[in-house]
Amino acid sequence: MIKNLLAKYASPFELGRLGIMGMNRRNISYISRYNPRRLYPLVDNKLKTKQIALDAGVTVPEMVGVIEYQHQVAHLWDMVKDWPGFCIKPAKGSGGKGITVIVDHDRQNFTKPSGKAETIEDLERHVSNILAGLYSLGGKPDVALIEALINFDDVFDGFSYEGVPDTRVIVFKGFPIMAMMRLSTQASDGKANLHQGAVGVGLDINTGRAIRAVQFNQPVRHHPDTGRDLFELKVPYWEQLLNLSSSCFEMSGLGYIGTDMVLDKQKGPMLLELNARPGLAIQTANAAGLVPRLRKIEKLGRKITLTPEERVAFSRKEFATDL
């Protein structure tokens, strides 16, 4: 029995040898050291993130409206009636909690990706829950954002189930060092959250091609719902997407961030949100540790004067995977 357990779990020494970063090292050596706390509100509040992105000329999903106070909830219908699809999300939410996506409506019933219909009263109740802080960090009162629906690129057909696939890129001191695509599944209820059952596909930082895929920390080859071969995945506009991720360093002032990007059919790569405390599952999806790449960037010194395009070129050369 003990032998079986040892075979199932890697030893701390083996994880260290592979350069796998744990939560304590992430928090102490990188988040605390490179992310000034005064800048956290810029990324913890999606409304503020959207504003600094627009100021920096970064493409983001179109805003339909903002509801800040309870008396404004009654105006939700006027905001959304002329939009065929939209997304309601809490400004200070995390992990996909509180996000409701509407893909279609006939002015009576509002259809979610699963096919379930909601009424305008259901959506108003959801917005009221957001304002009350039901989904916000620390349970504090929040603001509801209503954004236009993203028309994700046809190249992702079959790679995701009832949800928009997004690309998480870890950016350290402006260098994109590791990436994965998060694909929603039936188990994740259409959300691109690995802890809820989404599939994580590790991506070669040089080409955007799939390296490996996991669900619930176990390797998978095919999407569990669509059967699509995940190793056929290659993200288009890869260089443009990396340049956009890299530029978020100057935009936010944060040294260690996770950038969540989506590909719109008409508008190309756009920034969905930033994360000052990106998770570590990206290492499992890539079967590689973050530590060696972080150290390589740290060895470049404190003052780095490269442009985002030059930093991306460096990363694509240094962190390319042999496929």
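As the structure is a computational prediction, the values presented were derived from the model and not from experiment.

1. As for the packing of helix α8 (residues 238–252) against helix α11 (residues 308–318)
Direction vectors running N to C along α8 and α11 enclose 120°, while the axes themselves pass 9 Å from each other. In terms of their interaxial angle, α8 and α11 are classed as oblique. Our pair here, α8 against α11, has a crossing hand that is right-handed. Counted together, Trp-238, Glu-239, Leu-242, Asn-243, Ser-246, Ser-247, Phe-249 and Glu-250 of α8 and Pro-308, Glu-309, Arg-311, Val-312 and Arg-316 of α11 form the full contact between these two elements.

2. Quick word on the nonpolar core
Of all hydrophobic cores here, the largest spans 60 residues; its most connected members are Ile-177, Val-201, Tyr-256, Leu-271 and Leu-290. Per-element tally for this core: the top contributor is strand β9 (residues 175–183), with seven residues.

3. Quick word on the pattern of salt bridges
Under the definition given, this model contains 18 salt bridges. Between Arg-221 and Asp-229 there is a salt bridge, with the nearest N and O atoms lying 2.8 Å from each other. Across the pair Glu-232 and Arg-228 runs a salt bridge, and its minimum N-O distance is 3.2 Å. Its relative accessible area of 48% is what places Glu-232 among the partly exposed residues. On the accessibility criterion, Arg-228 (29% relative accessible area) is partly exposed. Salt bridges here are not isolated pairs; linked through shared partners, they connect Asp-166, Arg-168, Arg-182 and Asp-260.

4. Some words on the sheet that holds strand β11 (residues 210–215)
As summarised here, the arrangement of the seven strands in space is β12-β11-β10-β9-β8-β13-β14, forming an open sheet in which the pairing is antiparallel. The sheet is open, and its two borders are formed by β12 (218–219) and β14 (268–275), each paired with just one other strand. The pairing of strand β13 (residues 256–264) with β14 spans seven bridges and is classified as antiparallel. When the bridges of β14 are listed, Asp-264 appears paired with Gly-268. In the packing of helix α3 (residues 23–34) onto the sheet, contacts are made with β8 (166–172) and β13, and the angle to β13 comes to roughly 80°. In the packing of helix α10 (residues 291–298) onto the sheet, the strands contacted are β8, β9 and β13, and the crossing angle to β9 comes to about 150°.

Basis of the calculations
Residues numbered from 1 in each chain as written. Predicted model: local features only at pLDDT ≥ 70, side-chain atom pairs only at ≥ 80, totals over all residues. Heavy atoms only, no water. Axes fitted to C-alpha atoms, helices over the stretch in contact; angles between N-to-C directions. Helix = DSSP H or I, 4+ residues; strand = E, 2+ residues; numbered from the N terminus. Parallel < 35°, antiparallel > 145°, perpendicular 65-115°, else oblique. Left-handed = near helix turned anticlockwise from the far one by under 90°. Contact = heavy atoms within 4.5 Å. Core = buried A, V, L, I, M, F, W, Y, C linked by side-chain atoms within 4.5 Å. Buried < 20%, exposed > 50% of the residue type's maximum accessible area, 1.4 Å probe, protein only. Salt bridge = Lys/Arg side-chain N within 4 Å of Asp/Glu carboxyl O. Pairing = 2+ DSSP bridges.

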